[in-house]
Amino acid sequence: MKKTMPNNGQFELITLPYAPDALEPVISAQTIGFHHGKHLQTYVTNLNAILADGKFAGKSLEEIVSVADGAAFNNAGQILNHNLYFTQFAAPKQGNAPIGTLAAAIEKQFGSFDAFREEFEKKGAGLFGSGWVWLSADADGALHITQEGNAGNPLTKGLTPLLTFDVWEHAYYLDFQNRRAAYLSALWQIVNWQEVEQRYIGR
Ligand code: MN
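Residues numbered from 1 in each chain as written. Predicted model: local features only at pLDDT ≥ 70, side-chain atom pairs only at ≥ 80, totals over all residues. Heavy atoms only, no water.

Q: Could you clarify how one ought to interpret the layout of surface pockets in this entry?
A: The gaps of empty space that remain are located by a probe, the size of a water molecule, rolled over the atoms. For the largest pocket, the calculated volume is near 390 Å³. Together, 16 residues line the largest pocket, and K2, L84, T87, E195 and R199 are the ones closest to its centre. Across the lining of the largest pocket, the residue classes break down as five nonpolar, six polar and five charged. There are two domains that each give the lining of the largest pocket at least three residues, and those are domain 1 (29–86) and domain 2 (100–201). (1 Å grid on protein atoms, 1.4 Å probe; cavity = no way out; pocket = protein on both sides within 12 Å on 5 of 7 lines; lining within 4 Å. Points joined across faces, edges and corners; volume = space filled by probe spheres on them. Nonpolar A, V, L, I, M, F, W, Y, C, P; charged D, E, K, R; others polar. Domains from an automatic or database assignment.)

In structure tokens, the structure reads:
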């Protein structure tokens, strides 16, 4: 997977590849403002303060997530998770569905896109507390749907993360309040499957 390197020892808040209101009505500009502009910014600020002692000098974000624990892992993990989350979206599209080799792999593994979607939403809705539901690929290209609590990322299990839905309440509370399942089922309209397929091909 692509490596994210620090710039002069500091990681930076990612620039979104779309306007703050581009994902409406699925994700509002207000949610983007808080989620990207405040929550993610805080993880970046916290990690940069932790890195000031030089312990992870020259390491990529992905390497830090693989080897760190405690606050370094939590903040680096949340940056990586949110970078993957925010860059996998595009404006809402009717009939949005996987493409190319990833579409074929999803059909092979889960029977159909609908069956995959159902299992992914079920794992997202069933995760107790804060965390993430992931689609990832192993070295053979086989696909896995997993739940990760808090800042967890499947790369710590040797998998390549492809797609993730954030189920921390901050991700959906302004737009959906307590209705996590409604948020999860709405997100399919804004998945940028070109981007997700590129992660699969480039693993
Ligand atoms: Mn989040």
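Okay, back to it.
Q: Looking at this structure, I do not really get the coordination of the manganese ion. What am I missing?
A: For a metal bound by four donors in a tetrahedral arrangement, the ideal donor-metal-donor angle is 109.5 degrees, while six donors in an octahedral arrangement ideally sit at 90 or 180 degrees. Note on the manganese ion: its protein donors are H35 (NE2), H82 (NE2), D166 (OD) and H170 (NE2). The metal-donor distances range over 1.9 to 2.2 Å. H35 sits in the buried class, given a relative accessible area of 1%. The exposure class assigned to H170 is buried, which follows from its relative accessible area of 17%. (Donors = N, O, S within 2.8 Å, 3.2 Å for Na, K, Ca; no water. Buried < 20%, exposed > 50% of the residue type's maximum accessible area, 1.4 Å probe, protein only.)

Q: Can you help me understand the environment of L61 in this one?
A: Its location among the elements puts L61 in helix α2 (residues 61–67). Among the residues examined, L61 registers a relative accessible area of 0% and is labelled buried. In sequence terms L61 and K3 are 58 residues apart; their C-alpha atoms lie 7.0 Å from each other. With residues near it in sequence (within four places) discarded, L61 still touches T4, F11, L47, A76, I79, L80 and N83. (Helix = DSSP H or I, 4+ residues; strand = E, 2+ residues; numbered from the N terminus. Contact = heavy atoms within 4.5 Å.)

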